[in-house]
Amino acid sequence: MSIWFKKDLTIDQLNALNEQNMAQHVGIVWTELGDDHLAATMPVDERTKQPYGLLHGGASCVLAETIGSVASAMVVDTTKYYCVGLEINANHVRSAREGLVTGIAKPLHLGRQTHVWDIKIYDNLQKLVCVSRLTVAVLPIVHGS
């Protein structure tokens, strides 16, 4: 059973969210929409590398937070709620120098006021590059304020 609020959610709709923001700037592309997970890729290139030629840890955090935050928004009714990151942590366990990295987010907790996501990032050889956990606040939209 799908966790997504909109049961007809598509990859094209997710990719449309990338226009004119950080996701577009670093080349994030949504690639998979499962019943309980989202996946996206990001290139390891001049936008995402640190000066020594390795994937920048901050870029991994950008990928992780993008996937987790969008996943949270897709779980709720966005006419009533919006989702914002509260805390992110990341363990960088392997470097990447080229190609694409793929992030996959799965929920650990989907509560009324908070969501917690497990995001794993893999390199082209399916080797684990980064493990991240993102906590998201689910806030009500207040109209007329």
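Residues numbered from 1 in each chain as written. Predicted model: local features only at pLDDT ≥ 70, side-chain atom pairs only at ≥ 80, totals over all residues. Heavy atoms only, no water.

K.L.:
Is there a simple way to think about the overall build of the chain in this case?
P.N.:
Assigned secondary structure in the chain consists of 3 helices and 6 strands. In terms of C-alpha radius of gyration, the chain reaches 15 Å, essentially the compact-globule figure of 15 Å for 145 residues. Viewed in the frame of its principal axes, the chain has a C-alpha envelope of about 50 × 35 × 25 Å. Taken across its 145 residues, the chain has 39% of its residues classed as buried. (Helix = DSSP H or I, 4+ residues; strand = E, 2+ residues; numbered from the N terminus. Rg over C-alpha atoms; globule rule 2.2 N^0.38 Å. Buried < 20%, exposed > 50% of the residue type's maximum accessible area, 1.4 Å probe, protein only.)

K.L.:
Even after reading the chapter, I still don't get a nonpolar patch on the surface, so can you show me in this structure?
P.N.:
The grouping of Tyr-82, Val-84 and Leu-139 at the surface amounts to a nonpolar patch, some 220 Å² of accessible area in total. For Leu-139, the position within the fold is in strand E6 (residues 128-140). For Leu-139, a relative accessible area of 30% translates into the label partly exposed. (Patch = residues over 30% accessible without salt bridge, like charges linked within 9 Å, V, L, I, M, F, W, Y side chains within 5 Å. Areas by Shrake-Rupley, 256 points an atom, 1.4 Å probe, with all protein chains shown as cover. Salt bridge = Lys/Arg side-chain N within 4 Å of Asp/Glu carboxyl O.)

K.L.:
Can you help me understand the pattern of salt bridges in this one?
P.N.:
Pairing between side chains of opposite charge can happen when their charged atoms approach one another. For the coordinates displayed, the defined rule picks out 2 salt bridges. The residue Arg-47 makes a salt bridge to Asp-45 at a minimum N-O spacing of 2.6 Å.

K.L.:
Explanation requested: the sheet that holds strand E4 (residues 100-110) in the structure shown.
P.N.:
Backbone hydrogen bonds are what pair the strands of a sheet, in a parallel or an antiparallel way. Strand order across the open sheet formed by 6 strands is E1-E2-E4-E5-E6-E3, with antiparallel pairing between neighbours. Both edges of this open sheet fall to strand E1 (29-33) and strand E3 (81-92), since each of them pairs with a single strand only. The sheet shows a mean angle of 25° between the axes of neighbouring strands, direction not considered. The pairing of E4 with strand E5 (residues 114-122) spans 8 bridges and is classified as antiparallel. Counterpart to Pro-107 in the pairing with E5 is Trp-117. (Pairing = 2+ DSSP bridges. Axes fitted to C-alpha atoms, helices over the stretch in contact; angles between N-to-C directions.)

K.L.:
Honestly, the pairing of E1 in this entry has me stumped. Any pointers?
P.N.:
Two faces make up the sheet, and in a regular strand the side chains alternate between them. In this sheet, strand E2 (residues 38-43) lies alongside E1 in antiparallel orientation, the contact comprising 4 bridges. Residue pairing across strands places Glu-32 opposite Ala-39, the latter belonging to E2. Connecting the antiparallel pair E1 and E2 is a turn made up of 4 residues.

K.L.:
Sorry if this is basic, but what is going on with the environment of Asn-89 here?
P.N.:
By the element assignment, Asn-89 lies in strand E3. Residues Asn-89 and Cys-61 lie 28 residues apart in sequence; the distance between their C-alpha atoms is 7.9 Å.

K.L.:
Would you mind going over unusual backbone geometry with me for this structure?
P.N.:
Excluding glycine, residues mostly have negative phi values, and the peptide bonds linking residues are mostly trans. Of note in this structure, Gln-20 is not a glycine but carries a positive phi near 65°. The class of Gln-20 is exposed, set by a relative accessible area of 73%. Look at Gln-126: it is not a glycine, yet its phi comes out positive at around 65°. If you trace the backbone, Gln-126 turns up in the loop between E5 and E6.

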